[in-house]
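Chains, contacts and geometry: an overview
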Amino acid sequence: MLKNSKSVQVAERYFIAMALIAWIAAGFTIFKREIKAALELPRILSLIPDEKKRVIDGQIYDFAQAVVNNTPPNASLIFLYDNPNRLRKALYYLYPRKVEPALAAKREEFDKHDYLAAYLVEGHDAYRALGADDALELLHEGHGGAIFGIKRRGR
Amino acid sequence: MGTFGLFLAIALVNVAGMAIGSFFGLSFRERLLFAWPIGAGVVSLQMFFYSLASIPFSPAVIGWPWIGFTIALLAWRIAAFFSNATRGGAWSFTFSTRYAASRSVALSPLETALVLVIVFQVVFSLMNLVALPVQGYDTWVIWFLKAKAFFIDSGVSAAFLSDPVYSNANPGAYEYPILVPLLVSAGYVFMGYVDDRLVKIFFWLYYLNLLGAFYYFVRPFSTRLVALILCAMLATVPRIMEQAAFGGAGYADMPLAVYFLAATGFGFRFFQEGKKNDFLLSALFLSIGAWTKSEGITFLASVLIIMSAYAVYTRRREGIKIVIPAVVIAVLFVLPWRLYVHTLPKLSFTMVSELSVSTVLSNMERLPFILKVIVPKLFTANKYHITWALYAVLTLWGFRSFTRREYAFLQAALWIQLSFYIFVYVITPFDLKPHIETSFDRLTIHLLPIAFLCMAVCWKDIFAQGDARRVEVLTP
């Protein structure tokens with residue numbers, strides 16, 4: 001190994017000291033965040049899987065599971081939504097069901113699908129109105145949404 | 001098979017990676033170090049080929065070929081060993097290493113502290129990753145949704161990829177390369193069900209590999225203290241931790257960073273020592289990077305062109321003999337998926353849909369705005385701590401290092417790729433500021449390890465560390 005001059009060694013030591021101090025100061029935010037997350041870990045690890053999903057996804061997880069439990073995997077459904085992010089979350093759980101997202105329920109579309117799922121902010125009145133439609137049969141209401149079976153003509 | 005199946009999947013990917021690594025002159029320890037990223041690339045490619053041949057995924061179908069291949073490889077090596085021994089020749093079954101063994105020296109207090117920081121980061125990453133399911137938007141609309149679909153469909157199906165509702169949440173997402181979804185899908189196949197929490201351990205393995213590979217490349221020319229300082233800094237970059245431990249886990253950016261690091265690390269070696277295997281290893285990691293994310297394609301093109309031009313210019317015909325197998329590797333990883341995507345219906349425009357000379361010229365006025373937005377981000381402490389500031393200081397202070405071709409190669413690779421990212425912002429059809437805000441931080445993750453490599457070289461040149469002691473890289 002080539003021998004360094006003493007002044008270069010001293011300069012390097014100062015450089016290392018400054019770099020480390022700057023790194024610790026600038027990295028304070030991430031260190032703080034990690035310590036906070038580490039302290040939360042025992043509580044998080046003690047949750048059951050469904051509870052962990054609810055921590056991340058909120059109520060949409062429970063509604064998506066309700067759709068999964070009330071419809072077969074090869075079902076075709078209309079998904080009424082007013083929040084695109086919640087739609088995307090629901091879709092993650094609904095595959096492989098064929099889903100047609102919709103902002104409004106159109107009766108002429110009912111014949112193409114087996115079910116109608118609705119997840120709307122303050123949707124209670126909307127769900128009641130849908131339930132009054134004789135083409136729809138309420139299967140589940142709860143977790144912020146409602147699921148209807150679509151009655152086919154002649155059934 | 002549950003959790004046991006998950007560990008079986010991890011073991012299989014590593015076995016596949018070690019088997020492929022043996023063709024590139026890597027020592028046993030080197031093969032172990034790079035087993036995960038190589039194995040992820042080849043196993044996911046294998047699964048894609050199975051899909052093309054309509055072979056449904058199953059643990060046996062994925063695993064047995066690699067087990068058989070490894071057994072055959074071992075048998076061949078043992079036969080070669082005994083054949084050489086009976087002929088009275090020298091042992092050919094040597095574990096070559098780049099490093100001569102040396103007496104190990106105890107860690108200083110500062111080195112011990114740095115090792116503890118790295119260990120804490122690694123342990124914290126593992127615990128936090130598997131504590132909760134996936135959280136990031138792109139994970140549940142792109143990467144993990146595709147993984148789930150591939151698992152349920154038991155293959156990559158055109159029906160899913162052509163579905164505009166599921167497959168194209170972000171415009172152009174259906175065209176993204178699929179290493180990460182197939183790798184995650186392999187985890188589900190071996191487990192027997194979808195568990196998007198436990199499978200995140202795959203991303204922890206990438207994080208582990210990022211740090212291990214970085215130390216491996218830097219240690220030969222740096223003192224142990226400097227290598228540990230830079231490794232600890234890399235381990236704590238907030239943008240990296242976002243994907244290594246927090247809500248960004250599951251994105252493909254950190255895996256891509258590993259491939260970029262390995263590609264430039266071996267490319268650096270090639271420029272230094274001129275060994276064919278380093279060129280081919282660089283090409284392998286470039287190719288797997290292109291199979292991981294679309295950004296890998298531009299990196300593959302630019303870095304392979306630079307390395308090939310150097311090889312041919314300095315070695316003429318011998319250089320061409322090195323370049324040809326590298327191009328074959330690249331074609332193997334890139335072409336099948338690009339051809340497959342070409343057969344799918346166009347679902348949406350993409351970030352480069354409006355690429356044309358007139359668009360480029362008319363949009364150049366965006367450049368000052370783009371730079372005004374991205375430069376302050378690079379010096380934001382809660383995104384990058386002191387990374388880019390330190391990079392700027394060392395690059396300017398160590399400007400003489402540019403006379404070294406291996407260092408110039410690293411900087412060229414970094415800046416050409418950054419230029420591509422800025423170019424996409426110039427031509428993007430999307431709203432510019434939101435596009436930058438939602439993507440730039442992730443794109444820089446790919447470049448961070450290369451920036452740290454550059455810093456290591458400059459540091460060494462500035463403080464005249466000379467030829468560092470060559471010690472076993474995995475011992476203190």
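Look up a bit, the structure's there.
Rules used throughout
- Residues numbered from 1 in each chain as written.
- Chains lettered and ligands numbered in written order.
- Predicted model: local features only at pLDDT ≥ 70, side-chain atom pairs only at ≥ 80, totals over all residues.
- Heavy atoms only, no water.
- Helix = DSSP H or I, 4+ residues; strand = E, 2+ residues; numbered from the N terminus.
- Rg over C-alpha atoms; globule rule 2.2 N^0.38 Å.
- Buried < 20%, exposed > 50% of the residue type's maximum accessible area, 1.4 Å probe, protein only.
- Core = buried A, V, L, I, M, F, W, Y, C linked by side-chain atoms within 4.5 Å.
- Domains from an automatic or database assignment.
- Contact = heavy atoms within 4.5 Å.
- Bend = angle between axes of the 7 residues up to and from the residue.
- Polar contact = N/O pair within 3.5 Å; in protein donor to acceptor, adjacent residues only side chain to side chain.
- Pairing = 2+ DSSP bridges.
- Salt bridge = Lys/Arg side-chain N within 4 Å of Asp/Glu carboxyl O.
- Axes fitted to C-alpha atoms, helices over the stretch in contact; angles between N-to-C directions.
- Parallel < 35°, antiparallel > 145°, perpendicular 65-115°, else oblique.
- Left-handed = near helix turned anticlockwise from the far one by under 90°.
- Nonpolar A, V, L, I, M, F, W, Y, C, P; charged D, E, K, R; others polar.

To continue, consider the overall build of chain A. Secondary structure summary: chain A contains six helices and five strands in total. Along chain A, helices (α) and strands (β) appear in the sequence α-α-α-α-β-α-β-β-α-β-β when read from the amino end. Against the globule reference of 15 Å for 155 residues, chain A gives a C-alpha radius of gyration of 27 Å, more extended than a compact globule. Overall size of chain A, expressed as C-alpha extent along the three principal axes, is 95 × 30 × 25 Å. Counting only residues that meet the buried cut, chain A has 44% of its 155 residues in that class.

Further remarks concern the nonpolar core. Of all hydrophobic cores here, the largest spans 205 residues; its most connected members are Phe79 of chain A together with Phe34 and Phe202 of chain B. Of all the elements, helix H20 (residues 432-462) of chain B adds the most residues to this core, at 18 residues. The residues that make up this core include at least three from each of domain 1 (6-46) and domain 2 (58-150) of chain A. Setting aside chain neighbours within four positions, we find phenylalanine 34 of chain B in contact with Asn209, Ala213, Tyr216, Phe217, Ala262, Phe266 and Phe285 of chain B.

Take H20 of chain B next. Residue and element names in this part refer to chain B. Of all the bends in H20, the greatest reaches close to 40° and is centred on histidine 446; the proline proline 449 follows between one and four positions later. Most of H20 is tucked away, with 26 of its 31 residues classed as buried. Phi turns positive, to about 50°, at alanine 464, one or two residues after H20.

All names here are of chain A. You can see serine 76 is positioned in strand E1 (residues 76-81). Classification of serine 76 by relative accessible area gives buried; the value is 10%. A polar atom in the side chain of serine 76 sits 2.7 Å from the side chain of histidine 113. If we skip the residues at most four places from it in the chain, serine 76 touches Lys98, Lys112, His113, Asp114 and Tyr115.

On to the pairing of E1 of chain A. Residue and element names in this part refer to chain A. Among the six residues of E1, six are classified as buried, and the element is accordingly described as predominantly covered. Judged by which residues are buried, E1 turns out to be covered on both faces: Ser76, Ile78 and Leu80 on one side and Leu77, Phe79 and Tyr81 on the other are all buried. Inspection of the sheet shows E1 paired to strand E2 (residues 98-102) by five bridges, in the parallel sense. Bridged to isoleucine 78 within E2 is glutamate 100. Sheet topology places E1 next to strand E3 (residues 115-119); five bridges connect them, and they run parallel. Counterpart to isoleucine 78 in the pairing with E3 is leucine 116.

This part covers the pattern of salt bridges. Residue and element names in this part refer to chain B. This model, assessed by the stated rule, comprises 21 salt bridges over all chains. Across the salt bridge formed by aspartate 138 and arginine 442, the nearest N and O atoms sit 3.9 Å from each other. With aspartate 138 in helix H5 (residues 137-153) and arginine 442 in helix H20, this residue pair connects regions lying 304 residues apart in the sequence. In terms of burial, aspartate 138 and arginine 442 fall into one category: buried. One salt-bridge network, held together by shared partners, links Asp138, Asp253, Lys293, Glu295 and Arg442.

Turning our eyes to something else, we now look at the sheet that holds E2 of chain A. Residues and elements named next belong to chain A. The strand order E2-E1-E3-E5-E4 describes an open sheet built from five strands, whose pairing is mixed. In the strand order of this sheet, the two ends are held by E2 and strand E4 (136-142), each with one partner. On average, adjacent strands in this sheet sit at an angle of 20° to one another, irrespective of strand direction. Across the sheet, helix H4 (residues 59-70) lies against E1, E3, E4 and strand E5 (145-150), angled at about 170° from E3, the strand it touches most. Against the sheet, helix H5 (residues 84-94) engages E1, E2 and E3, with an angle of about 155° to E1.

Let's shift gears to unusual backbone geometry. All names here are of chain A. A cis amide bond, omega 15°, links tyrosine 95 with the succeeding residue proline 96. Residue placement: proline 96 occurs in the loop between H5 and E2. A positive phi angle, near 55°, is found at histidine 143, a position not held by glycine. Along the chain, the position of histidine 143 falls in the loop between E4 and E5.

Each packed pair of helices is defined by two parameters, the angle between the axes and the distance between the axes. Residues and elements named next belong to chain B. Viewed as axis vectors pointing N to C, helix H13 (residues 295-315) and helix H19 (residues 405-427) meet at an angle of 150°, and their least axial separation amounts to 10 Å. For the element pair H13 / H19, the angle class is roughly antiparallel. The interaxial crossing formed by H13 with H19 has right-handed handedness. Two secondary-structure elements touch here, H13 through Glu295, Thr298, Phe299, Ser302, Val303, Ile306, Met307 and Tyr310 and H19 through Arg405, Phe409, Ala412, Ala413, Ile416, Gln417, Phe420 and Tyr421. Split into classes, the residues belonging to the contact of H13 with H19 amount to eleven nonpolar, three polar and two charged.

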